[in-house]
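Per-entry structural report
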There are 2 protein chains.
Amino acid sequence: MTRKQLHLGLFLQGAGHHVAGWQMPGATYGSENLPHLQNVTRIAEEAKFDMVFLADGLTTSPTAHPSMVARLEPLTLLSALAMGTRHIGLAATASTTYGEPFHTARVFASLDHLSGGRAGWNVVTTSYARSAANFGKAHPDHDARYEIADEYVSVVRALWDSWEDDAYVQDAEEGRYIDPAKMHVLDHKGRYFEVKGPLNVTRPPQGHPVIIQAGSSDPGQELAARSADVVFTAQATLEGAKAFYDGLKARMAKYGRNPDELAIMPGAFVLIGDTRAEAEALLEQLQSRTDPAEAYPLLNERLGTDVSGYDIDGPLPDIPVSEEIRSRSELLIRLARSRNLTIRQLLNMVGAARGHLMLVGTAEEVADEIGAWFEAGAADGFNIMPAWFPKPLEDFATKVVPILQSRGLFREDYQGRTLREHLGLKRPRHPRAT
Amino acid sequence: MTRKQLHLGLFLQGAGHHVAGWQMPGATYGSENLPHLQNVTRIAEEAKFDMVFLADGLTTSPTAHPSMVARLEPLTLLSALAMGTRHIGLAATASTTYGEPFHTARVFASLDHLSGGRAGWNVVTTSYARSAANFGKAHPDHDARYEIADEYVSVVRALWDSWEDDAYVQDAEEGRYIDPAKMHVLDHKGRYFEVKGPLNVTRPPQGHPVIIQAGSSDPGQELAARSADVVFTAQATLEGAKAFYDGLKARMAKYGRNPDELAIMPGAFVLIGDTRAEAEALLEQLQSRTDPAEAYPLLNERLGTDVSGYDIDGPLPDIPVSEEIRSRSELLIRLARSRNLTIRQLLNMVGAARGHLMLVGTAEEVADEIGAWFEAGAADGFNIMPAWFPKPLEDFATKVVPILQSRGLFREDYQGRTLREHLGLKRPRHPRAT
């Protein structure tokens, strides 16, 4: 029997994860720079990563992270990246608050066909209320957003089942293109959506593209326990990650699901040196390039409170958790309290990894830490967040991955073709299949 | 001075345009068959076509044309086709009735970046009321749809101008990623849309992707005269096409536009033989493969009336023009009356080219007809509708195009890189540019 394998995603931000990463010597960057994005995707595929993952947002501002201020739309970008790659999964974020289930079902089904079964959908509810202003509507509150998301995902899944797998007959001899008996009308009438169907795309190669969820709130975890294949999460400590992991997996039983049907993958910022001192010096160099005037907006946005008026070398003042972005804000406030961080330390943390695990050290040390989380049952894998591109990713790919492989923790080569196969997940049967 | 050049589009329907085309010996087909779609796009690019063009729809039924019953979503497909091509324009249909201006602006800007300035947006208002059932809303009436479209297009254009062309500074020395002074907030509050902006994609390489319009109704023509770069139209006769062409170009003056700023491109179904008899025999072969039971739904749908109860060899009964699909229905009824067509002849016509010009003959004859329309001022080019793939397209590319080139009517090679450049259209200046 093969040992359980860990899963690796490349969290692809065009200018890297550290806010100053793009300024490093030799850095390639740009969330609209296709050759660069193709290159880093190929590096991840050569290292046998499960997937590349694109975050998304529906607003921007001049003070946004350079990876996010302007970027290609995820579905068009992934369709382009699907060409020239053969195995790596392609996961994109799309909102259930500012989309239409019919459109979402179509684009992910289409990407799944184009890529031969490599599509993943990161379901988000869009936390920032300012997004509403681009769509002329009111921003639903947190709980309503998750109710909407729940219905939205079930409608999208049902639309993917509009056609049975063998509906596309294409028999030129007989002159039969499709089998109308294998088409099913959904006729969904729910609380938030009415969608008749059928979808005008045949059933995706994966049956259903992989469903990813990234919210850590209580309703977010319920949604994940009920319907996600993968969970991304921000965890800074092994103990916290283990508690989150156990809690979420325990929620699955009531939905009749096995814990193995969900891969929990915390984000991991990586920066590797030949010695730990070298890696730490690189981090120091990044931090010295970070202008606090640039980092404050990122911190304020993730706290939900403007803290720029307080002593930068003093502790975080007593501020409330933001209602709008509860889990992000809670994570940072908890970290600041438990580690007695100053505002400057928080600025550095947010500028680097936004509260995610930071793996800064030698390849051996990084592999050890990944192995420790995996063996402790705190993670099924990691969503790798290179400080910049391409070097920290290349270092991870060529130095850390071989160690993980030699320890039997990570595949030497792809065993399947689809993202579901990489993740060890079953292809959902069509509900009408006999 | 170079002679005025005609423009060619490939109207890409995955199973070809004739309803029975996919059944022909040697046919490749499938609106979800990527290698096939890549192949025919490359044939068009080798022949120096201006663009490939994808129609779209938001519903399906088992009786739909085999090209339309299931198909890849146009933006994801074009992003994939952008890879592996370098010059050919990439135009997709997207609805202003069932979309959001912010999303539409993003995906076309993204495609434009990915393709190096080759994106085109065919603006449609979605005529079929049944589309509403996939979005849980009421279908606006014809005039309201065009009012919505008008505002929608202006919002999308303004979103494309969110950033000045040189806003993306990316100066690593100075640590400046963007220039916030070059970002502009739209803050649109109109009758149908409220969109704050800015867009989170920088200004597209073309400034604005090419705007295409295909509605022939009065409000459709006004929209085109005001804001389209290209018009697709269904015209069966030179006289009718000339009247449409002159009428539409005359409408442009009141919007301060020059007639050269709009290319009118009727659809042209093509089927080429070494002799005219051979081409006609091919059409006959296609028609003999067409089961009336399959063709009736296509005819009924385009008439807006079920005529399957009438004598198939008798004349079209006295039926009203459909309110829902006015221009399509009017075109067919007018053709039936003026040419005394039987229902069988109408079935054959709809199964082949749906009322578009049919060019069936030798390469010389087809080139003559194209030249005649062009010289008469009835067309600035054609949207080529091959009966099936790849042969009728290959015949056009290798036999008709060289004749057009030898007559100085069509480019020998691409002169520019962007779709606007192929079409001879100016790149819109940013409104704040000095």
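Residues numbered from 1 in each chain as written. Chains lettered and ligands numbered in written order. Predicted model: local features only at pLDDT ≥ 70, side-chain atom pairs only at ≥ 80, totals over all residues. Heavy atoms only, no water.

Looking up chain A in an unreviewed UniProt entry gives the name LLM class flavin-dependent oxidoreductase, with the organism given as Falsigemmobacter intermedius. In UniProt, chain A has this text filed under Sequence similarities (unreviewed entry): "Belongs to the NtaA/SnaA/DszA monooxygenase family." (UniProt positions renumbered as here; feature names shortened; annotations may be inferred.)

Here we come to the overall build of chain A. Looking only at helices and strands, one finds 13 helices and 11 strands in chain A. In terms of overall size, chain A behaves like a compact globule, its C-alpha atoms giving a radius of gyration of 22 Å where 434 residues would be expected to give roughly 22 Å. With respect to the principal axes defined by its C-alpha atoms, chain A has extents near 75 × 50 × 40 Å. Every one of the 434 residues in chain A was classed for burial, and the buried ones make up 63%. Summarising the internal contacts of chain A: among those between residues at least 6 apart in sequence, 76% fall at separations of at least 24. With the model as given, the accessible surface of chain A reaches about 15600 Å², and the carbon-plus-sulfur share is 50%. Positive and negative side-chain charges in chain A, numbering 44 and 55 respectively, have mean positions lying 3 Å apart. (Helix = DSSP H or I, 4+ residues; strand = E, 2+ residues; numbered from the N terminus. Rg over C-alpha atoms; globule rule 2.2 N^0.38 Å. Buried < 20%, exposed > 50% of the residue type's maximum accessible area, 1.4 Å probe, protein only. Contact = heavy atoms within 4.5 Å. Areas by Shrake-Rupley, 256 points an atom, 1.4 Å probe, with all protein chains shown as cover. Lys, Arg positive; Asp, Glu negative; His and termini not counted. Charge placed at Lys NZ, Arg CZ, Asp CG, Glu CD.)

On to the interface of chain B and chain A. On the side of chain A, 63 residues touch chain B, which itself brings 63 residues to the contact. Counting across the chain B and chain A interface gives 2 salt bridges. Counting across the chain B and chain A interface gives 24 residue pairs in polar contact (both at pLDDT 80 or more). Of all the secondary structure elements, the ones that give two or more residues to the side of chain B that touches chain A are helix 1 (34-46), helix 2 (74-82), helix 3 (101-114) and strand 6 (194-195) of chain B. Broken down by element, the residue count for the side of chain B that touches chain A peaks at 7 residues, all from helix 3 of chain B. (Salt bridge = Lys/Arg side-chain N within 4 Å of Asp/Glu carboxyl O. Polar contact = N/O pair within 3.5 Å; in protein donor to acceptor, adjacent residues only side chain to side chain.)

All chains considered together, the criterion is met by 28 aromatic pairs over all chains. Geometrically, the ring pair formed by Trp121(A) and Tyr152(A) is tilted, given 6.0 Å between the ring centres and 50° between the ring planes. In this pair, Trp121(A) is assigned in strand 4 (residues 119-124) and Tyr152(A) in helix 4 (residues 142-160), connecting sequence segments 31 residues apart. On the accessibility criterion, Trp121(A) (0% relative accessible area) is buried. Here the aromatic rings of Tyr177(A) and Tyr29(B) are separated by 6.0 Å at their centres, their planes lie at 50°, and the arrangement is tilted. (Phe/Tyr/Trp six-rings, centres within 6.5 Å; stacked < 30°, edge-to-face > 60°.)

Moving on, we get to the pairing of strand 2 (residues 51-54) of chain B. All names here are of chain B. What you see with strand 2 is no split at all: Met 51 and Phe 53 on one side and Val 52 and Leu 54 on the other are buried throughout. Two elements, strand 1 (residues 7-11) and strand 2, share 3 bridges in a ladder whose sense is parallel. The residue of strand 2 that forms the bridge with Leu 10 is Val 52. Each parallel crossover has a hand, and the one from strand 1 via helix 1 to strand 2 is right-handed. Two strands pair when backbone bridges link them, and strand 2 and strand 3 (residues 89-95) are joined in this way by 4 bridges, in the parallel orientation. When the sheet's bridge partners are listed, Val 52 is paired in strand 3 with Leu 90. (Pairing = 2+ DSSP bridges. Right-handed = clockwise from strand over helix to strand, strands pointing away.)

Let's shift gears to the packing of helix 1 (residues 34-46) of chain A against helix 2 (residues 74-82) of chain A. All names here are of chain A. Where helix 1 meets helix 2, the axes come as close as 10 Å, and the angle between the chain directions of the two elements is 60°. If you check the angle between helix 1 and helix 2, you find them oblique. In terms of crossing hand, the pair formed by helix 1 and helix 2 is right-handed. Residue-level contacts link Leu 34, Leu 37, Gln 38 and Thr 41 of helix 1 to Leu 77, Ala 80 and Leu 81 of helix 2. Here the residues of the contact of helix 1 with helix 2 are counted per class, giving 5 nonpolar, 2 polar and no charged. (Axes fitted to C-alpha atoms, helices over the stretch in contact; angles between N-to-C directions. Parallel < 35°, antiparallel > 145°, perpendicular 65-115°, else oblique. Left-handed = near helix turned anticlockwise from the far one by under 90°. Nonpolar A, V, L, I, M, F, W, Y, C, P; charged D, E, K, R; others polar.)

All names here are of chain A. In this structure's numbering, the residues bearing the UniProt feature "binding site: FMN" (unreviewed entry) are Asp 56, Thr 93, His 142, Tyr 146, Ser 216 and Ser 217. Its location among the elements puts Thr 93 in strand 3 (residues 89-95). Once residues lying within four places of it in the same chain are set aside, the contact partners of Thr 93 are Phe 53, Leu 54, Ala 55, Asp 56, Pro 74, Asn 122 and Val 124. Here Leu 54 takes part through its backbone oxygen, which lies 2.8 Å from a polar atom of the side chain of Thr 93.

To continue, consider the UniProt feature "domain: Luciferase-like" (unreviewed entry) in chain A. The positions UniProt marks with the feature "domain: Luciferase-like" (unreviewed entry) are residues 25-378 of chain A. Along residues 25-378 of chain A, the helical share is 40% and the strand share 12%, with 35 Å between the first and last C-alpha atoms.

Each copy of the sequence occupies a distinct position, and chain B is placed on chain A by a rotation of 180° and an axial shift of 0.0 Å, giving an RMSD of 0.0 Å. Between the two chains, the operation in question is that of a two-fold axis. Most of the interface of chain B is mirrored in chain A, where 100% of its interface residues again form contacts. (Least-squares fit on C-alpha atoms with pLDDT ≥ 70 in both.)

All names here are of chain B. If you trace the backbone, Asp 395 turns up in helix 12 (residues 391-406). Its relative accessible area of 7% is what places Asp 395 among the buried residues. Apart from residues no more than four positions distant in its own chain, Asp 395 is found in contact with Ile 272 and Val 400.

In this section: the environment of Pro204(B). Tracing the chain through its elements places Pro204(B) in the loop between strand 6 and strand 7 (210-213). Among all residues touching Pro204(B), those that are not within four sequence positions of it are Ala109(B), Asp112(B), His113(B), Trp160(B), Pro209(B) and Arg427(B).

Glancing now at helix 7 (residues 276-288) of chain A. All names here are of chain A. Between its first and last C-alpha atoms helix 7 spans 18 Å; for 13 residues at 1.5 Å apiece the expected length is 18 Å, and the two agree. Those residues of helix 7 that sit buried are Ala 279, Leu 282, Leu 283, Leu 286 and Gln 287. Each buried residue of helix 7 sits inside an arc of 140° when the element is viewed along its axis, so together they form one side. Seen from the open side of helix 7, the exposed residues pointing more than 90 degrees away from its buried face are Ala 277 and Ser 288. (Expected span 1.5 Å × (residues − 1). Arc of directions from axis to C-beta.)

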